[in-house]
Amino acid sequence: MTGNLTGRSAKYVLKKLGDGIGDSVVAMTGTIGGGIQDATESIGIGYVGAGVNSLISGVGEGVGSTVKGVGTGAGDILRGAGKGIGQAFGGIGGGVQQVTKGIGRGVTHGDLSGVGEGFASMGNGLGQGVETVVDGTVSGVLSVSKGLFSGAKSVGKGVGGFFTGGREVGGKTPPKGPPKHR
């Protein structure tokens, strides 16, 4: 129970921390890019400013996505480890208790079946714990990878926008300032 609670708390804190930092980076770079675009439009070279805005905003979104993915992934890994350790200790503790009762029953009644059940409980708890740790680790690695690839995609779009004057395929110009959340 304690391991599970600790793991969930760590996951929540790391995810929120990563989301907060990532959103801040996106907002900051969007504001900087929008300011540059406004300044260049006022002197008649808005096309250049739109490209610079796209580049800066794209890099910001890429870094923000990466930070969010790393925060979520680290949280998943710690949640899985905490829950798995709790399961392992719970299984071992319950198994030791069953073994002790089994020995007592064996001495008084000549029945040692409880000893075997206790060792089976220990093995089961340990197995579940290891499985949960592995599951949390895999989930964490996938979240980190998703963040990295999302970040790379955003940076690529930003660089592409730099060379097209901020226009995406289809001729749309990106909005000024930080992107609006859905």
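Since this is a predicted model, take the numbers as computed values, not measurements.

**Considering the overall build of the protein chain**
For step 1, the next point in the chain: Broken down by element type, the protein chain carries three helices and zero strands.
For step 2, the next point in the chain: Counting from the amino terminus, helix and strand elements in the protein chain follow one another as α-α-α.
For step 3, the next point in the chain: Residues counted as buried form 32% of the 182 residues belonging to the protein chain.
For step 4, the next point in the chain: The contacts of the protein chain with a sequence gap of at least 6 include a subset with a gap of at least 24, amounting to 78%.

**Some remarks on the pattern of salt bridges**
For step 1, the next point in the chain: A full pass over the atoms with the stated rule returns two salt bridges.
For step 2, the next point in the chain: Between Asp 19 and Lys 15 there is a salt bridge, and its shortest N-O distance comes to 2.9 Å. Placement of the pair is Asp 19 and Lys 15 together in helix α1 (residues 2–42), with a separation of four residues, close to one helical turn.

**Looking at a nonpolar patch on the surface**
For step 1, the next point in the chain: On the surface, a cluster of nonpolar side chains totalling about 580 Å² of accessible area is made up of Ile 92, Val 96, Leu 126, Val 130, Val 134, Val 138 and Leu 142.
For step 2, the next point in the chain: At the level of elements, α2 (46–109) and α3 (113–163) are the ones that each hand at least two residues to the nonpolar patch.
For step 3, the next point in the chain: Among the elements that line the nonpolar patch, the one with the most residues is α3, at five residues.
For step 4, the next point in the chain: Tracing the chain through its elements places Val 138 in helix α3.

**Description of the environment of Thr 29**
For step 1, the next point in the chain: Tracing the chain through its elements places Thr 29 in helix α1.
For step 2, the next point in the chain: Its relative accessible area of 12% is what places Thr 29 among the buried residues.
For step 3, the next point in the chain: Each C-alpha atom, one on Thr 29 and one on Glu 61, is 8.1 Å from the other, the two residues being 32 residues apart in sequence.
For step 4, the next point in the chain: Every residue in contact with Thr 29, bar those within four places of it in the chain, is listed here: Ile 56, Ser 57, Gly 60 and Glu 61.
For step 5, the next point in the chain: There is a polar contact of 3.3 Å between the side chain of Thr 29 and the backbone oxygen of Val 26.

**Re the packing of α2 against α3**
For step 1, the next point in the chain: The interhelical angle for the contact between α2 and α3, taken along N-to-C directions, is 180 degrees, at an axis separation of 7 Å. Classed by the angle they form, the pair α2 and α3 counts as roughly antiparallel.
For step 2, the next point in the chain: A breakdown of the residues in the contact of α2 with α3 according to their chemical character gives 24 nonpolar, 36 polar and six charged.

Thresholds, definitions, all that
Residues numbered from 1 in each chain as written. Predicted model: local features only at pLDDT ≥ 70, side-chain atom pairs only at ≥ 80, totals over all residues. Heavy atoms only, no water. Helix = DSSP H or I, 4+ residues; strand = E, 2+ residues; numbered from the N terminus. Buried < 20%, exposed > 50% of the residue type's maximum accessible area, 1.4 Å probe, protein only. Contact = heavy atoms within 4.5 Å. Salt bridge = Lys/Arg side-chain N within 4 Å of Asp/Glu carboxyl O. Patch = residues over 30% accessible without salt bridge, like charges linked within 9 Å, V, L, I, M, F, W, Y side chains within 5 Å. Areas by Shrake-Rupley, 256 points an atom, 1.4 Å probe, with all protein chains shown as cover. Polar contact = N/O pair within 3.5 Å; in protein donor to acceptor, adjacent residues only side chain to side chain. Axes fitted to C-alpha atoms, helices over the stretch in contact; angles between N-to-C directions. Parallel < 35°, antiparallel > 145°, perpendicular 65-115°, else oblique. Nonpolar A, V, L, I, M, F, W, Y, C, P; charged D, E, K, R; others polar.

Read these as spatial facts, not as claims about activity.
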